[in-house]
Amino acid sequence: MTDIIELIQKQPDLYVMTGASAADVEKAECELGLRFAKDYRKYVEQFGAASFSNRELTGVCQSARLSVVAVTIYERSKVSVPEDWYVIEQTNIDSVVIWQAAAGDVYKTIPGYQPERICNSLAEYIQ
């Protein structure tokens, strides 16, 4: 398995926030009623949230625009997804949203279509 931290650190034009504490991560999980996948948890504990190239990943941070809690609550109001899914990226293209399930699989939703599984992990999605 590709190490998520090394993979993100290699991305061009990388900008990261302050890593989230274990307590902050647990609070975010509690607010969403789920557990984050291991790779997502490792990512937010290291970086908080990150952007690189043309991507902005959600995270555990103070920015409402990038907060996994705020963004997931908002997107859940627009589309029906399983309760253990959380948003990892709003692409801002054709209302495409990228979600990760607690088990680690990554999905894409587009309004009016069924969710589509696109990757096995956050690392695979970034690659």
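Look up: the structure comes first, before these words.
Residues numbered from 1 in each chain as written. Predicted model: local features only at pLDDT ≥ 70, side-chain atom pairs only at ≥ 80, totals over all residues. Heavy atoms only, no water.

1. A short note on the sheet that holds strand β3 (residues 55–57)
Then, number 1: Here 3 strands make up an open sheet; going across it, the order is β1-β2-β3 and the pairing antiparallel. The open sheet has two free edges, formed respectively by β1 (15–16) and β3, since each of these has just one partner strand.
Then, number 2: In the sheet, strand β2 (residues 50–52) pairs with β3 via 3 bridges, with the strands oriented antiparallel. The residue bridging Ser51 from the neighbouring strand is Glu56, located in β3. (Pairing = 2+ DSSP bridges. Helix = DSSP H or I, 4+ residues; strand = E, 2+ residues; numbered from the N terminus.)

2. Let's talk about the nonpolar core
Then, number 1: Grouped together as the largest cluster of nonpolar side chains are 34 residues, with contacts concentrated most on Phe36, Tyr40, Tyr43 and Tyr86.
Then, number 2: Among residues more than four places away in sequence, those in contact with Tyr43 are Ile4, Ile5, Ile8, Gly48, Ala49, Ala50, Leu57, Thr58, Gly59 and Leu122.
Then, number 3: Within the second largest apolar cluster, 8 residues are counted, among which are Val81, Trp85, Val97 and Trp99. (Core = buried A, V, L, I, M, F, W, Y, C linked by side-chain atoms within 4.5 Å. Buried < 20%, exposed > 50% of the residue type's maximum accessible area, 1.4 Å probe, protein only. Contact = heavy atoms within 4.5 Å.)

3. Some remarks on the sheet that holds strand β7 (residues 116–119)
Then, number 1: Read from one edge of the open sheet, 4 strands run β4-β5-β6-β7, paired in antiparallel fashion. Each edge of the open sheet carries a strand with a single partner, namely β4 (85–90) and β7. Within this sheet the neighbouring strands show an average axis-to-axis angle of 40 degrees, counted without direction.
Then, number 2: Judged from the 3 bridges that link them, strand β6 (residues 106–109) and β7 form a sheet pairing that is antiparallel. (Axes fitted to C-alpha atoms, helices over the stretch in contact; angles between N-to-C directions.)

4. Quick look at the packing of helix α2 (residues 22–32) against helix α3 (residues 38–47)
Then, number 1: Look at α2 against α3: their axes get within 10 Å of each other, and the N-to-C directions meet at 130 degrees. Put simply, α2 runs oblique to α3. Regarding α2 and α3, the two cross each other, and that crossing is right-handed. Seen from α2, the contacting residues are Ala22, Val25, Glu26 and Glu29; seen from α3, they are Arg41, Val44 and Glu45.
Then, number 2: Residues of the contact of α2 with α3, tallied by class, amount to 3 nonpolar, no polar and 4 charged. (Parallel < 35°, antiparallel > 145°, perpendicular 65-115°, else oblique. Left-handed = near helix turned anticlockwise from the far one by under 90°. Nonpolar A, V, L, I, M, F, W, Y, C, P; charged D, E, K, R; others polar.)

5. Some thoughts on the layout of surface pockets
Then, number 1: By volume, the largest pocket amounts to about 290 Å³.
Then, number 2: What lines the largest pocket is a set of 15 residues, among which Ala20, Asp24, Val60, Cys61 and Gln62 lie closest to the centre.
Then, number 3: Sorting elements by how many residues they give to the lining of the largest pocket places α2 first, with 4 residues.
Then, number 4: Across the lining of the largest pocket, the residue classes break down as 6 nonpolar, 6 polar and 3 charged. (1 Å grid on protein atoms, 1.4 Å probe; cavity = no way out; pocket = protein on both sides within 12 Å on 5 of 7 lines; lining within 4 Å. Points joined across faces, edges and corners; volume = space filled by probe spheres on them.)

6. Description of the packing of aromatic side chains
Then, number 1: The tally for this structure, following the rule as stated, stands at 7 aromatic pairs.
Then, number 2: Site record: aromatic cluster; members linked through ring pairs are Phe36, Tyr40, Tyr43, Phe47 and Tyr86.
Then, number 3: When the ring centre of Tyr125 is taken as origin, the NZ or CZ atom of Arg55, which lies over that ring, is 4.4 Å away. (Phe/Tyr/Trp six-rings, centres within 6.5 Å; stacked < 30°, edge-to-face > 60°. Lys NZ or Arg CZ within 6 Å of the ring centre and 35° of its normal.)

7. Quick word on the pattern of salt bridges
Then, number 1: For the coordinates displayed, the defined rule picks out 10 salt bridges.
Then, number 2: Note that Asp3 and Lys42 form a salt bridge whose closest N and O atoms lie 2.5 Å from each other. Of this pair, Asp3 sits in the segment before α1 (4–9) while Lys42 sits in helix α3, placing them 39 residues apart in sequence.
Then, number 3: With its nearest N and O atoms 3.7 Å apart, the salt bridge here joins Arg41 to Glu26. (Salt bridge = Lys/Arg side-chain N within 4 Å of Asp/Glu carboxyl O.)

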